[in-house]
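Here is what each chain is made of, one letter per residue.
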Amino acid sequence: MKQYPPQKDIDRLAKYDTYERLFMGDHRTAFRSKLEQYDPQFSGQDPTVRYVVLPYPRIMSTISADLLFEEQPKVLLENKTNQEFVDKLWYENNLWTTLYEEALVSSYKGDSVMRILAVDGQIRVDTVKPDVYFPVYNESNVKTPVKEHVLAYRQTIDEREYLVVETYRVGEIETKVYEFKQNTIGGEYNPKDILGIEPIVKTNLGEGYSLIHHIKNWGMSGKFWGISDYEDLVDLFFAINNRLSRNEHILDKHGDPILAVPQGVLDSSGEVSRQKLGMIELPSHPMNGETSKPEYIVWDSKLESSFAQIDVLEEQLFKAAQVSPTLFGLTKYGVAESGRALKYKLLRTLSLKHRKQMYWDNGIKSLIESAIEFARNNRLQADDKRPAQTEVPTIIWQ
């Protein structure tokens, strides 16, 4: 690795960062460049101006994960010994919760990466941030097996920063450690001296098995990386936030009525601050000389068209996201609907669930099959259970 991160992955990592900020509710940072260009008043330069955020990204990702893993899928194997091993593997690694959390990540980043490893004779399954995953694959045919699964990440040891590069190949893991200063890769160190691990570790896995498993949120033919649920929705998120923030700013600005008093009530010598009192003077009637009584001037906001625009934007958001407003409790009529009617309303959302389920079904099968093979070849256990033979599981979705 000559550059970190590689040039070809910079755009992907920038999207990951933006989408994660949207999920976490940090919309102002995610949209900073747009705000500075189109609405500087909301960019954070003036702390008195509020930027209103609707957490639609997080809600949509949560709905996606709920639909997939709200109920625990069943992993079934024909061999009884294998079933006992996988049950222990599932329990010891808390895989139901892990898969749910990865479904959240996959929803907003478009990709999930899971890893199998050995710890003190026990087999473990953990997760890897897709931000540190740099696979070597055939770009002309992404369906072919990945040549090398590369994990590259920065690690600080004794106040010195290093770049650790783990390369997973067929049958082995190679680890390299480089000095990393000012975003520049420097000299190479022996990983035994820095991390206490051997440069080459044998995995005893053959072709068709892997310790690294990349699972897409959903994808397209010819595209290696998955597609985020936010891919086509960013402009709609921005527009809804912006419209609400403008309305909030207008209402705040005109929220306090101004007191109008007859001419002569206020001291015009400057000893009284008119701005702080929130008053203005009205002249007497030009015909009869009558003075006006004190009264408040209230501003008529007329924001109906603005709120109507927000409704339109939300409707387009639901359509583009293929998420039914019914899941948000947003129904226009307060009447009980039949199960058939609800099913038709949720049809696109259920199709979205089944589409994602295809990718997760294949990913979990491949993960479990490789875990069984890795445990068999290296005499690893899940608690006190070992597998008997390599087997592809059947996943029963609830």
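None of the values given here were measured: they were computed from a predicted structure.

A.B. asks: Would you explain unusual backbone geometry in this entry?
C.D. replies: Both trends apply: most residues other than glycine have a negative phi, and most peptide bonds are in trans. Following Tyr4, the chain continues to Pro5 via a peptide bond in cis, the omega torsion being -10 degrees. By secondary structure assignment, the location of Pro5 is in the segment before helix H1 (10–24). The residue Asn183 is not glycine, and still its phi comes out positive at about 60 degrees. Relative to the elements of secondary structure, Asn183 occurs in the loop between strand S6 (172–181) and strand S7 (184–189).

A.B. asks: Would you mind going over the sheet that holds strand S3 (residues 122–128) with me for this structure?
C.D. replies: Note: strands within a sheet are paired through backbone hydrogen bonds, in either parallel or antiparallel orientation. Here 3 strands make up an open sheet; going across it, the order is S3-S2-S9 and the pairing antiparallel. Looking at strand neighbours, the two that pair on one side only are S3 and strand S9 (212–216), the edges of this open sheet. Between one strand and the next, the sheet's axes are offset by a mean angle of 25 degrees, whatever the strand orientation. Of the pairings in the sheet, the one linking strand S2 (residues 111–119) to S9 comprises 5 bridges and is antiparallel in character. Residue pairing for S9: Arg115 is matched across the bridge by Ile212. On top of the sheet, helix H6 (residues 95–109) reaches S2, S3 and S9; it is set at about 145 degrees to S2, its chief contact.

A.B. asks: Looking at this structure, I do not really get the pairing of strand S5 (residues 160–169). What am I missing?
C.D. replies: Residues in a regular strand project their side chains so that they alternate between the two faces of the sheet. Among the 10 residues that make up S5, 7 are buried, leaving the element largely enclosed by the rest of the structure. Taken together, the 9 bridges between strand S4 (residues 149–157) and S5 define a ladder with antiparallel strand orientation. Paired with Val150 across the two strands is Thr167, which belongs to S5. Taking the residues between adjacent antiparallel strands as the criterion, S4 and S5 are bridged by 2 residues, where Asp158 takes a positive phi near 50 degrees. Note: S5 against S6, 8 bridges, orientation antiparallel. Within S6, the residue paired with Leu163 across the bridge is Tyr178. Between S5 and S6, which pair antiparallel in sequence order, lie 2 residues; one of them, Gly171, sits at a positive phi of approximately 85 degrees.

A.B. asks: Explain the nonpolar core here, please?
C.D. replies: Looking at soluble globular proteins, one finds that nonpolar side chains tend to be buried together. Core analysis: the biggest nonpolar cluster contains 83 residues, and Ile123 and Phe237 have the highest contact counts within it. Sorting elements by how many residues they give to this core places helix H12 (residues 347–378) first, with 8 residues. When near neighbours in sequence (up to four residues on either side) are disregarded, Phe237 contacts Leu22, Phe31, Tyr56, Pro57, Met60, Tyr230 and Leu317.

A.B. asks: I'm lost on the side chain of Gln357 in this one. Help?
C.D. replies: Turning to its location among the elements, Gln357 is positioned in helix H12. For Gln357, a relative accessible area of 14% puts it in the buried group.

A.B. asks: Got a minute to help me understand the packing of H1 against H6 in this structure?
C.D. replies: Geometry of a packed helix pair, given as the angle between the helix axes and the separation of the axes. At their nearest, the axes of H1 and H6 sit 9 Å apart, and the two run at 120 degrees to each other. The angle between H1 and H6 places the two elements in the oblique class. Taken as a pair, H1 and H6 cross one another with a handedness that is right-handed. Contacts between H1 and H6 involve Tyr16, Tyr19, Glu20 and Phe23 from the former and Leu104, Tyr108 and Lys109 from the latter. Along the lines of polarity and charge, the residues of the contact of H1 with H6 split into 5 nonpolar, no polar and 2 charged.

A.B. asks: It is not clear to me how H1 should be interpreted in this structure. Could you clarify?
C.D. replies: Each full turn of the α-helix corresponds to 3.6 residues, which orients residues three or four apart in the same direction. With 15 residues, H1 should reach 21 Å at 1.5 Å per residue; the first-to-last C-alpha distance of 21 Å fits that figure. Restricting attention to buried positions, one finds in H1 the residues Arg12, Leu13, Tyr16, Tyr19, Leu22 and Phe23. Once H1 ends, the next one or two residues include Gly25, with phi positive near 90 degrees.

A.B. asks: Could you clarify how one ought to interpret the environment of Glu373 in this entry?
C.D. replies: Assignment of secondary structure puts Glu373 in helix H12. Exposure remark for Glu373: the relative accessible area of 11% places this residue in the buried category. Residues Glu373 and Asn204, 169 residues apart in the sequence, show an inter-C-alpha distance of 9.0 Å. Glu373 has contacts with Leu205, Tyr209 and Thr390, leaving out every residue within four places of it along the chain. For Glu373, the side chain forms a polar contact with the side chain of Arg376, separated by 3.2 Å.

Rules used in this analysis
Residues numbered from 1 in each chain as written. Predicted model: local features only at pLDDT ≥ 70, side-chain atom pairs only at ≥ 80, totals over all residues. Heavy atoms only, no water. Helix = DSSP H or I, 4+ residues; strand = E, 2+ residues; numbered from the N terminus. Pairing = 2+ DSSP bridges. Axes fitted to C-alpha atoms, helices over the stretch in contact; angles between N-to-C directions. Contact = heavy atoms within 4.5 Å. Buried < 20%, exposed > 50% of the residue type's maximum accessible area, 1.4 Å probe, protein only. Core = buried A, V, L, I, M, F, W, Y, C linked by side-chain atoms within 4.5 Å. Parallel < 35°, antiparallel > 145°, perpendicular 65-115°, else oblique. Left-handed = near helix turned anticlockwise from the far one by under 90°. Nonpolar A, V, L, I, M, F, W, Y, C, P; charged D, E, K, R; others polar. Expected span 1.5 Å × (residues − 1). Polar contact = N/O pair within 3.5 Å; in protein donor to acceptor, adjacent residues only side chain to side chain.

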